[in-house]
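Structural features, examined
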Amino acid sequence: QVQLVESGGGLVQPGGSLRLSCAASGSIFSRYTMRWLRQAPEKQRELVAHITADGNTNYADSVKGRFTISRDNAKNTVTLQMNSLKPEDTAVYYCNAEATWYSGHLYPGSWGQGTQVTVSS
């Protein structure tokens, strides 16, 4: 099972930027669809962005044009660049690897521990 560790959260003023990184262990990282989700207090966890093994990306409407997801398969990392941050982006952000079939085997998904992002003046 892939292990995920997030980093890069913190406190930023509205309009500022943060870059979240997710470092993954495991030999088949490149085959996973990777996702960033977030959960604000008293709200359900929501999908922010995902990137497939082929590099296709998709974003929540609320972050389109402001956030960019990318991956570096050589370094086993996925990154979320967040620009023009708003107070409503405040949440715990989680990195997720979706379960995937590869070479006849089902590799289970995995979650990181989460990193806090706070947007406030």
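Refer to the preceding data block for the structure.
Below you will find a few notes about this structure. Keep in mind the model is a prediction, meaning the values are calculated, not measured.

Some remarks on the sheet that holds strand E7 (residues 67-72)
Read across the sheet, four strands follow the order E1-E3-E8-E7 without closing on themselves; strand pairing throughout is antiparallel. In the strand order of this sheet, the two ends are held by strand E1 (4-7) and E7, each with one partner. When the angles between neighbouring strand axes are averaged without regard to direction, this sheet yields 15 degrees. As paired elements, strand E3 (residues 18-24) and strand E8 (residues 77-82) share six bridges and run antiparallel to each other. In the sheet register, Leu20 faces E8, and the bridge partner there is Leu80.

Details of the pairing of strand E5 (residues 46-51)
In this sheet, E5 lies alongside strand E4 (residues 34-39) in antiparallel orientation, the contact comprising five bridges. Its bridge partner being in E5, Leu37 is matched across the sheet by Leu47. Where E4 folds back on E5, the antiparallel hairpin that results is connected by six residues, among which Glu42 adopts a positive phi of roughly 65 degrees. As judged from the three bridges shared by E5 and strand E6 (residues 57-59), these two strands associate in the antiparallel manner. Among the inter-strand pairings, Ile51 is bridged to a residue of E6, identified as Thr57. Remark: five residues form the turn of the hairpin made by E5 and E6, two consecutive strands paired antiparallel; Gly55 in that turn has positive phi of roughly 90 degrees.

What to know about unusual backbone geometry
With a phi angle near 65 degrees, Glu42 is a residue other than glycine that sits in the positive phi range. In this structure, Glu42 sits in the loop between E4 and E5. The exposure class assigned to Glu42 is exposed, which follows from its relative accessible area of 87%. Even without a glycine there, the phi angle at Asn76 is positive, about 55 degrees.

Brief notes about the state of the cysteines
In this structure the tally under the stated criterion is one disulfide. Note on cysteine connectivity: Cys22 is disulfide-linked to Cys95, with sulfurs 2.1 Å apart. Here Cys22 and Cys95 share a disulfide; its torsion about the S-S bond, -85 degrees, makes the bridge left-handed. Of this pair, Cys22 sits in strand E3 while Cys95 sits in strand E9 (residues 91-97), and the two are 73 residues apart along the sequence. The residues Cys22 and Cys95 share a single accessibility class, namely buried.

As for the environment of Gly15
Turning to its location among the elements, Gly15 is positioned in the loop between strand E2 (10-12) and E3. Take Gly15: its relative accessible area is 53%, and that puts it in the exposed class. Distance from Gly15 to Met82, taken between C-alpha atoms, is 9.9 Å for residues 67 residues apart in sequence. When residues no more than four places from it in sequence are discounted, the contact partners of Gly15 are Ser84 and Leu85.

Rules and cut-offs
- Residues numbered from 1 in each chain as written.
- Predicted model: local features only at pLDDT ≥ 70, side-chain atom pairs only at ≥ 80, totals over all residues.
- Heavy atoms only, no water.
- Pairing = 2+ DSSP bridges.
- Helix = DSSP H or I, 4+ residues; strand = E, 2+ residues; numbered from the N terminus.
- Axes fitted to C-alpha atoms, helices over the stretch in contact; angles between N-to-C directions.
- Buried < 20%, exposed > 50% of the residue type's maximum accessible area, 1.4 Å probe, protein only.
- Disulfide = S-S within 2.5 Å.
- Contact = heavy atoms within 4.5 Å.

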